[in-house]
Amino acid sequence: MKIKILLDHVSREIDFAVSLQKAFEENDIGKVTITHQDYIATNDTYDFFEKTFDGSYDAIIVPSYHVTRTPEMLLRAIVNRAKLIVYHSEQIIREYIEPEKLNLDYIEQYNSHVAAHFVWGEDFASKLIKKAKVSPEKIFIVGNYKMDFANKSNSKVKKNVLVASDYKPADMTESDMNAFYNEYRVHFDRNRQYICDKARKHMLSFVKEQSELFPSLTFVLRPHPGESKLEYQRILTNNVKLSEVGSTFSTDLDSCDMVVGFTSTSCLEVISANKRFVSIDFFDFNKQDLSAHKVLLDWLSVEETHAIFSSLNEGRLPENNQEQQKKLNYLLRNYEDVGSNLISALVFINSAGYRHQTKLTRYDIFLLVRSLIKGGGKFLALKVAVLLRGRFGSKSILDKVETSYSKRLLTNEDFNEKILHKYQTKFLPYNYVKSNCIIRTSLGNIFEREEN
């Protein structure tokens, strides 16, 4: 069995991809190829053909898919003769963006193209079935892969506090908002931009103040993928540090005693790791407008959070919020081994007993041809610009490529064999449990471990 995994945010998804790759290799299941979902232009080439026409696969796993916005995903599946599988990276979404994320305007095509959906729990499975008309047979409730990397042993005090950002909307300019609408056909929530900007300012000011009050505590700042680091860099001191470049969330979480944030969905992973996640209540805003994970957010005042820091400074670990633990299963199935569920699902999907394939509809030819022309055109334009360096407008093309690639490097979203190898060397042999069995329910397929 040959699987290709496309990454969106490298630091968010690389642990899952490499662990699955290791499991396939060490258990003689097959081969997993890992690459970035984006076609990347560097100073001398555009990797469209290299990534699209790279052989045949049984399945391609993507973090998201939209019929008209990302038709290149379908193109890659068709060219590679592979089933298109979506392991949804964003499953806690606000209602206004559901039409885009669930392809509600393209239900026929969406259900023809996607052969299987991997989801965290029944909550998102229900949305796929009720709103996107997805067959429960195509839904596999595998759990959230991040939970496999959450170290649930939390006995040693490290005196480290992780500051988890979900403030990326704060960086949105008017131009960004217009581009957001043009790409997603969804109006960006301008109030969200204002709230995130205000919350980030409050958080960084608070962290600066607390770091001075508690010099023996270390505050690790983790900006959101793609978020500017400029505001964070202004408050760096001996005990206020930025998360290391390329560090995964699970690595940062393991090195800290607790996490403070605002409305971050990382609370799922933190709670699963039996650590305290605190949402600091700096000011009033409409919390009912948040996504489904709002039931897990533990809102504390500045004074209450200061008291927890004071206790940690004296060597006492923050107590877990038991209500958060109870509510966790509302959004995801807290399996012991998500990796084994993924493998069991892939083996079944690749078997003769699975009848769903990636199929084209009568509407698809134009989108696929346009993707091919667009990708080939960019490849050719860059090749010509390299040959004509400095002449006939070639400089503007090369400048755009350099700016785009520099931004990718700045946000740690570059990906190549050297970067992949760095992550591969982190992993120990993977203990794949082959006895997981699939049980069909009205909301999709769930997994249980068979007793020997």
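Here we summarise the structure given alongside this text. Everything quoted here is computed from the prediction, not taken from an experiment.

**A word on the overall build of the protein chain**
Reasoning step 1: In terms of regular secondary structure, the protein chain is built from 17 helices and 14 strands.
Reasoning step 2: Each principal axis of the C-alpha atoms in the protein chain carries an extent, and together these give about 70 × 65 × 40 Å.
Reasoning step 3: Within the span of the protein chain, comprising 452 residues, buried residues form 54% of the whole.
Reasoning step 4: In the protein chain, the share of contacts with a sequence separation of at least 24, taken over all contacts with a separation of at least 6, comes to 74%.
Reasoning step 5: Charge separation in the protein chain, taken as the distance between the mean sites of 61 positive and 59 negative side-chain charges, equals 4 Å.

**Quick word on unusual backbone geometry**
Reasoning step 1: Here the phi dihedral of K133 falls at roughly 60°; this positive angle occurs in a residue that is not glycine.
Reasoning step 2: Considering the arrangement of structural elements, one finds K133 in the loop between α6 (122-130) and β6 (139-141).

**Structural notes on helix α14 (residues 338-349)**
Reasoning step 1: Look at α14: 16 Å from first C-alpha to last across twelve residues, which is about the 16 Å you get at 1.5 Å a residue.
Reasoning step 2: When we look at burial in α14, the residues that qualify are V338, G339, S340, N341, L342, I343, S344, A345, L346 and I349.
Reasoning step 3: The residue sitting at the N-terminus of α14 and contributing the capping side-chain oxygen is D337; that oxygen lies 3.3 Å from the backbone nitrogen of G339.

**Notes on the pairing of strand β11 (residues 276-280)**
Reasoning step 1: Burial within β11 is extensive, with five of its five residues counted as buried.
Reasoning step 2: Every second residue of β11 is oriented toward a common face, with R276, V278 and I280 on one face and F277 and S279 on the other, all of them buried.
Reasoning step 3: The sheet contact formed by strand β10 (residues 258-261) and β11 spans four bridges and is parallel. Paired with V260 across the bridge in β11 is V278.
Reasoning step 4: One crossover worth recording links β10 to the parallel β11 by way of helix α11 (residues 267-272), and it is right-handed.
Reasoning step 5: Of the strand pairs in this sheet, β11 and strand β12 (residues 299-300) are connected by two bridges, and their pairing is parallel. Its bridge partner lying in β12, S279 is registered against W299.

**Looking at the nonpolar core**
Reasoning step 1: Formed by 129 residues in total, the largest nonpolar core has its most connected members in Y65, Y87, F118 and L268.
Reasoning step 2: At eight residues, the largest contribution of residues to this core is made by helix α1 (residues 10-26).
Reasoning step 3: When near neighbours in sequence (up to four residues on either side) are disregarded, F118 contacts I61, I85, V86, Y87, H88, Q91, F140, V142, L342, A345, L346 and I349.

**Observations concerning the packing of α1 against α14**
Reasoning step 1: Where α1 meets α14, the axes come as close as 10 Å, and the angle between the chain directions of the two elements is 60°. Our classification of the angle between α1 and α14 gives oblique. Seen from above, α1 lies across α14 with right-handed handedness. Between α1 and α14, the contacting residues are F16, L20, A23 and F24 on the first element and G339, L342, I343 and L346 on the second.
Reasoning step 2: Across the contact of α1 with α14, the residue classes tally to seven nonpolar, one polar and no charged.

**Quick look at the pairing of strand β8 (residues 218-222)**
Reasoning step 1: Burial within β8 is extensive, with five of its five residues counted as buried.
Reasoning step 2: Taking every second residue as pointing to the same face, both faces of β8 are buried, with T218, V220 and R222 on one and F219 and L221 on the other.

**Details of helix α17 (residues 417-424)**
Reasoning step 1: Of the positions making up α17, those classed as buried are L420, Y423 and Q424. The buried residues of α17 occupy one face: seen down the axis, they fall within an arc of 105°.
Reasoning step 2: For α17, the secondary structure elements touched by its buried residues are α1 and β2 (31-36).

Parameters and conventions
- Residues numbered from 1 in each chain as written.
- Predicted model: local features only at pLDDT ≥ 70, side-chain atom pairs only at ≥ 80, totals over all residues.
- Heavy atoms only, no water.
- Helix = DSSP H or I, 4+ residues; strand = E, 2+ residues; numbered from the N terminus.
- Buried < 20%, exposed > 50% of the residue type's maximum accessible area, 1.4 Å probe, protein only.
- Contact = heavy atoms within 4.5 Å.
- Lys, Arg positive; Asp, Glu negative; His and termini not counted.
- Charge placed at Lys NZ, Arg CZ, Asp CG, Glu CD.
- Expected span 1.5 Å × (residues − 1).
- Polar contact = N/O pair within 3.5 Å; in protein donor to acceptor, adjacent residues only side chain to side chain.
- Pairing = 2+ DSSP bridges.
- Right-handed = clockwise from strand over helix to strand, strands pointing away.
- Core = buried A, V, L, I, M, F, W, Y, C linked by side-chain atoms within 4.5 Å.
- Axes fitted to C-alpha atoms, helices over the stretch in contact; angles between N-to-C directions.
- Parallel < 35°, antiparallel > 145°, perpendicular 65-115°, else oblique.
- Left-handed = near helix turned anticlockwise from the far one by under 90°.
- Nonpolar A, V, L, I, M, F, W, Y, C, P; charged D, E, K, R; others polar.
- Arc of directions from axis to C-beta.

By themselves, these figures tell us nothing about what the structure is for.
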